[in-house]
Amino acid sequence: MTITPLMPVYPRCGVRPVRGEGAYLFGEDGQQYLDFASGIAVNALGHAHPHLTKAIAEQAATLMHVSNLYGSPQGEHLAQRLVDNTFADTVFFTNSGAEAVECAIKTARRYHFANGNPQRHTLITFDTAFHGRTLGAISATNQAKMRDGFEPLLPGFAYAKFNDLEGALALIDDNTAGFMVEPIQGEGGIRQASHEFLTGLRKACDEHGLLLVLDEVQCGYGRTGKFFAHELYGITPDIMSVAKGIGGGFPLGACLATEEAAKGMVAGTHGSTYGGNPLAMAAGEAILDVMLEDGFLENVTAMGDRLRQALEQMIPNHDHLFDSVRGTGLMLGLKLKSDSRAFVAFARDNHNLLLVSAGENVVRILPPLVIDESHIAECIDKLSTAARVYVPAADD
Ligand SMILES: *Cc1c(COP(=O)(O)O)cnc(C)c1O
């Protein structure tokens, strides 16, 4: 037998974390890493945050799981807090981002069905998008690397170029349900929607009776310095998927919607065994407690500005390697002039700095949202030391 007990779908690296504290991870043999990947934008409060771990431990000892057949005081409370702080009127809790996306797709289709327009089932999505790995979510991207070998995929998606408003509008026809888009593409390479593009999609939805579905699984929940990235654009979606930071490491996602957009989601149309169980709700409440504290989001913006400035200052010293900085808040990307994966591996293996590569040879920099200036200085120090000695492979 050569297959590993863990299904070998990930090319795992040599870092083997067993403990975490704040912005640091510790490996099996005691190595210390500066974690500016945060489990890919998940550990919003860093590792082992006392408020989060206490909330989870206490809830686990009180009531971990009951069926959604019963009333949920815990779910009602967290949903109400999300409703109070967002565009949404209603929330469905999931265990992951892909499930939140699935719920968003189903909610959009059901809306048109409830309106007597079941033929309006096609969501226009965008190239280099990432919405997760379920069959529905991979159908919503046209990237071969995620789709190959899994056909037949779900019908009901059309693909436009990201940030090409004209191209997206040209795809609208009698079958269009709406658009589904990340305000800032994460996996795609920290590609930010232009103001004209996102507000243009909103306007088209209003004009044509379509739904704007935003996937804020990565860019949402404080990462940009706003609670949600769409606040940067002065628009609101009809439906939105959220996950990653919402549980701070506890598996939690959510689909948020307006009352109008959720009109088809009546009893019996959707469900999840674990979704929104008391343990997950305790984690979600704890994250929100901290994130909604005065000054939390302002600190994300301030640290994001510092980090960005420091990265920009560093670029001219290493302009054989670094091209430019992109992104907002603490969702930053460093575009390289050579393969970003190779450099991420180099910084990790030689300088104990954890980053994530993304599309377009971008290095994603996604620190915990609770970092201070000392962590920024340490990151810049490690990055510039790595850049000084790094030699890109000749064929990059
Ligand atoms: C990570 C991600 C997902 C998928 O989330 P999972 O929890 O891995 O299912 C969906 N959309 C976006 C934008 C993401 O970044």
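Preceding this section is the structure that the text describes.
A brief structural summary.

Cut-offs applied
Residues numbered from 1 in each chain as written. Predicted model: local features only at pLDDT ≥ 70, side-chain atom pairs only at ≥ 80, totals over all residues. Heavy atoms only, no water. Helix = DSSP H or I, 4+ residues; strand = E, 2+ residues; numbered from the N terminus. Rg over C-alpha atoms; globule rule 2.2 N^0.38 Å. Buried < 20%, exposed > 50% of the residue type's maximum accessible area, 1.4 Å probe, protein only. Contact = heavy atoms within 4.5 Å. Areas by Shrake-Rupley, 256 points an atom, 1.4 Å probe, with all protein chains shown as cover. Lys, Arg positive; Asp, Glu negative; His and termini not counted. Charge placed at Lys NZ, Arg CZ, Asp CG, Glu CD. Near = heavy atom within 4 Å. Polar contact = N/O pair within 3.5 Å; in protein donor to acceptor, adjacent residues only side chain to side chain. Nonpolar A, V, L, I, M, F, W, Y, C, P; charged D, E, K, R; others polar. Pairing = 2+ DSSP bridges. Axes fitted to C-alpha atoms, helices over the stretch in contact; angles between N-to-C directions. Salt bridge = Lys/Arg side-chain N within 4 Å of Asp/Glu carboxyl O. Phe/Tyr/Trp six-rings, centres within 6.5 Å; stacked < 30°, edge-to-face > 60°. Patch = residues over 30% accessible without salt bridge, like charges linked within 9 Å, V, L, I, M, F, W, Y side chains within 5 Å.

**Description of the overall build of the chain**
The secondary structure content of the chain amounts to 12 helices and 17 strands. A compact globule built from 396 residues should have a C-alpha radius of gyration of about 21 Å, and the chain, at 21 Å, falls within 12% of that. For the C-alpha atoms alone, the extent of the chain along its principal axes is close to 65 × 55 × 55 Å. When burial is assessed residue by residue, the chain has 54% of its 396 residues classed as buried. Restricting the contact set of the chain to residue pairs at least 6 apart, pairs at least 24 apart contribute 72%. As presented, the chain carries roughly 17,500 Å² of accessible surface, and 52% of it is formed by carbon and sulfur atoms. For the chain, the distance from the average site of its 30 positive side-chain charges to the average site of its 46 negative ones is 4 Å.

**Some thoughts on the site of the ligand**
Taken together, Ser96, Gly97, Ala98, Phe130, His131, Gly132, Glu182, Asp215, Val217, Gln218 and Lys244 are the residues near the ligand. Contact between the ligand and Phe130: a nitrogen atom at 3.3 Å from a main-chain N or O atom of the residue. Here an oxygen atom of the ligand and a side-chain polar atom of Lys244 are 2.6 Å apart. Computed on the free molecule, the ligand has an accessible area of 380 Å², of which 81% lies beneath the protein chains in the complex. Taken together, the residues that form the shell around the ligand break down as three nonpolar, five polar and three charged.

**Considering the sheet that holds strand 17 (residues 362-365)**
Spatial ordering of the open sheet is given by 13-14-17-16, a layout of four strands whose pairing is antiparallel. The outermost strands of the open sheet, each flanked by one partner alone, are strand 13 (322-328) and strand 16 (356-358). Neighbouring strand axes in the sheet, compared pairwise and without regard to direction, differ in orientation by 30 degrees on average. Alignment of strand 14 (residues 331-336) against strand 17, held across four bridges, turns out to be antiparallel. Bridged to Leu334 within strand 17 is Val363.

**Looking at the pattern of salt bridges**
In this structure the tally under the stated criterion is 15 salt bridges. One salt bridge connects Glu360 with Arg191, and the closest N-O pair in it is separated by 3.6 Å. Residue Glu360 is located in the loop between strand 16 and strand 17, and its partner Arg191 is located in strand 9 (residues 191-192); the two are separated by 169 residues in the primary sequence. Overall, Arg191 belongs to the buried group, its relative accessible area being 19%. Here Arg308 and Glu312 are joined by a salt bridge, their closest N and O atoms 3.3 Å apart. Placement of the pair is Arg308 and Glu312 together in helix 10 (residues 296-314), with a separation of four residues, close to one helical turn. Owing to a relative accessible area of 39%, Glu312 belongs among the partly exposed residues under this scheme. Via salt bridges that share partners, Arg81, Glu285 and Asp289 belong to a single interconnected network.

**As for the pairing of strand 2 (residues 24-27)**
Side chains Tyr24 and Phe26 project from strand 2 onto one buried face, and the interleaved Leu25 and Gly27 project onto a second face that is buried too. Sheet analysis places strand 1 (residues 17-21) next to strand 2, joined by four bridges and oriented antiparallel. Bridge pairing in strand 2 links Glu21 to Tyr24. As consecutive antiparallel partners, strand 1 and strand 2 are separated by two residues, and within that stretch Gly22 has a phi angle of approximately 60 degrees, a positive value. Sheet topology places strand 2 next to strand 3 (residues 32-35); three bridges connect them, and they run antiparallel. Bridging across to strand 3, Phe26 finds its partner in Gln32. What sits between the antiparallel neighbours strand 2 and strand 3 is a turn of four residues, in which Gly30 has the positive phi angle 90 degrees.

**A closer look at the side chain of Lys382**
With respect to the secondary-structure elements, Lys382 resides in helix 12 (residues 373-389). Buried and unpaired, Lys382 has no salt bridge, with Glu378 as the nearest side chain of opposite charge at 4.1 Å. Setting aside residues up to four positions removed in sequence, Lys382 forms contacts with Leu34, His351, Asn352 and Leu353.

**Considering the packing of aromatic side chains**
Taken as a whole and judged by the stated rule, the model has nine aromatic pairs. Their ring planes at 50 degrees and their centres at 5.0 Å tell us that Tyr221 and Phe227 sit as a pair that is tilted. Considered together, Tyr221 and Phe227 belong to a single accessibility category, that of buried residues. A ring pair is formed by Phe322 and Phe343, whose centres lie 5.7 Å apart and whose planes are at 80 degrees; its orientation type is edge-to-face.

**Some words on a nonpolar patch on the surface**
Together, Met7, Val9 and Tyr10 make up a nonpolar patch on the protein surface, roughly 410 Å² of accessible area in all. Take Met7: it is sitting in the segment before strand 1.

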